[in-house]
Number of protein chains: 2
Amino acid sequence: MYLARVYVTLKPTVNDPQGITVLGGLKSLGFESVSEVRVGKFLEIRLDEGDRQRAESEAKEMCEKLLANPVIEQYSVELVELPE
Amino acid sequence: MYLARVYVTLKPTVNDPQGITVLGGLKSLGFESVSEVRVGKFLEIRLDEGDRQRAESEAKEMCEKLLANPVIEQYSVELVELPE
């Protein structure tokens, strides 16, 4: 059994209005040292799959098909083995 | 200069309707091995701060004050040193 930790972020060239809003909020709370904020998604997906390679390729396929918009987003996948 | 990578997730006991919806979507796309999905937020925050300890405590304060709802969410912070 594997836990896929999936990070979906906007590509660096894509404008991130949510990040800009959070940046403004932090500044107005007095956090002067913040210079940039980017906001993304983080998903934890539990896979009942014994084979590491198959689990990884499945997680990537999920990103391509549903979790990320490959036009404006990039993703990365980390696999953690879980005790059965 | 530091990059704070912040993960905000719902506490394990809190119901995650967004995750349940994604789980349903993945199942209907034919991903039979998925058994659970939890959705969270992922933020990358650039800090113009030379001191690692100060950068970390600032990032945690940001979570407490703005980025996470401590009643239902938990967060973790990873610091990456950036070249000036």
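Here the structure is shown first, and the text comes after it.
Residues numbered from 1 in each chain as written. Chains lettered and ligands numbered in written order. Predicted model: local features only at pLDDT ≥ 70, side-chain atom pairs only at ≥ 80, totals over all residues. Heavy atoms only, no water.

1. So, the pattern of salt bridges
Residue and element names in this part refer to chain A. To keep it simple, the criterion reads: The salt bridge definition used is simple: a Lys or Arg side-chain nitrogen within 4 Å of an Asp or Glu carboxyl oxygen. Numbering of helices and strands starts at the N terminus; helices are DSSP runs of H or I of at least 4 residues and strands are runs of E of at least 2. Burial classification: accessible surface area is computed with a 1.4 Å probe over protein chains only, and a residue below 20% of its type maximum counts as buried, one above 50% as exposed, and the rest as partly exposed.
Applying the stated criterion across every chain yields a total of 14 salt bridges over all chains. Where R5 meets E44, a salt bridge forms, and the shortest distance between an N and an O atom there is 3.5 Å. Pair noted here: R5 is in strand β1 (residues 2-10) and E44 is in strand β2 (residues 34-47), with a separation of 39 residues, a long-range link. Judged by its relative accessible area of 23%, E44 is partly exposed. A salt bridge links K60 to E56, with the nearest nitrogen and oxygen atoms 3.5 Å apart. Here E56 and K60 lie together in helix α2 (residues 52-67), a separation of four residues that amounts to about one turn. Overall, the relative accessible area of 29% leaves E56 in the partly exposed class.

2. Some details on the sheet that holds strand β2 (residues 34-47) of chain B
Put simply, the test is: Two strands pair if DSSP finds at least two bridges between them. Fitted lines through C-alpha atoms serve as axes, helices being fitted only where they are in contact, and the angles separating the N-to-C directions of these axes extend from 0 to 180 degrees. Throughout, a residue-residue contact means that at least one pair of heavy atoms, one from each residue, lies within 4.5 Å.
The six strands lie next to each other as β3(A)-β1(A)-β2(A)-β2(B)-β1(B)-β3(B), forming an open sheet whose pairing is antiparallel. For this open sheet the edge positions go to β3 (73-81) of chain A together with β3 (73-81) of chain B, each flanked by a neighbour on one side alone. Within the sheet, the average angular offset between the axes of one strand and its neighbour, ignoring direction, is 20°. As paired elements, strand β1 (residues 2-10) of chain B and β3(B) share nine bridges and run antiparallel to each other. Across the sheet, the residue bridging to L10(B) is E73(B), located in β3(B). Sitting on the sheet, helix α2 (residues 52-67) of chain B touches β2 of chain A together with β1, β2 and β3 of chain B, and the angle it makes with β3(B) is about 150°.

3. Focus on the packing of aromatic side chains
Describing an aromatic ring pair means giving the distance of the ring centres and the angle of the ring planes. Short version of the rule: Each pair of aromatic rings taken from Phe, Tyr and Trp, with Trp reduced to its six-membered ring, is defined by centres within 6.5 Å and is described as stacked if the planes are under 30 degrees apart, edge-to-face if over 60, and tilted in the remaining cases. Only when the NZ atom of a Lys or the CZ atom of an Arg is both within 6 Å of the ring centre and within 35 degrees of the ring normal do we say a charge sits over the ring.
Counted according to the given criterion, the structure contains five aromatic pairs over all chains. Stacked on the ring of Y7(B), the Lys or Arg R5(A) has its end atom at 5.9 Å from the ring centre.

4. Side note on the interface of chain B and chain A
How big an interface is tends to be stated in terms of the accessible area lost upon association of its parts. As a reminder, the rule being used: By definition, the buried area sums, over both parts, the 1.4 Å-probe accessible area that each loses when the two are put together.
Facing 29 residues of chain B, the contacting portion of chain A comprises 29 residues. Ranking the residues of chain B by area buried against chain A places F31(B), S33(B) and F42(B) at the top, with a combined share of 21%. Our count for the contact surface shared by chain B and chain A stands at two salt bridges. As a salt-bridge pair, E36(B) and R46(A) come within 3.3 Å of each other at their nearest N and O atoms. Contributions of two or more residues to the side of chain B that touches chain A are made by β1, α1 (17-28), β2 and α2 of chain B. Two strands pair when backbone bridges link them, and β2(A) and β2(B) are joined in this way by 13 bridges, in the antiparallel orientation.

5. Focus: the relation of the copies chain B and chain A
Stated formally: For the least-squares superposition of copies, only C-alpha atoms count, and only for residues with pLDDT at least 70 in both.
Mapping chain B onto chain A is achieved by rotating through 180° and translating by 0.0 Å along the same axis, at an RMSD of 0.0 Å. The relationship between the two copies is best expressed as a two-fold rotation axis. Relative to the rotation axis, the C-alpha of K41(B) is the closest in chain B, positioned 2.4 Å from it. An overlap of 100% is found between the interface residues of chain B and their copies at the interface of chain A, pointing to a shared contact surface.

6. Let's talk about the side chain of E58(B)
Convention followed: Charge assignment in this entry is limited to Lys and Arg as positive and Asp and Glu as negative, and neither His nor the chain termini are counted.
When you line up the elements, E58(B) lands in helix α2. Although E58(B) lies buried, it forms no salt bridge, and the closest oppositely charged side chain, R54(B), sits 6.6 Å away as judged by the N-O distance. When residues no more than four places from it in sequence are discounted, the contact partners of E58(B) are F31(A), S33(A), L47(B) and E49(B).

7. Some thoughts on the environment of F42(A)
Inspection of the secondary structure puts F42(A) in strand β2. You can call F42(A) buried: its relative accessible area is 2%. Once the C-alpha coordinates of F42(A) and Y75(A) are considered, the two residues, 33 residues apart in sequence, prove to be 9.7 Å apart. What F42(A) contacts, discounting residues up to four positions off in sequence, is R5(A), V6(A), Y7(A), Y7(B), T9(B), R38(B), V39(B), G40(B), K41(B) and F42(B).

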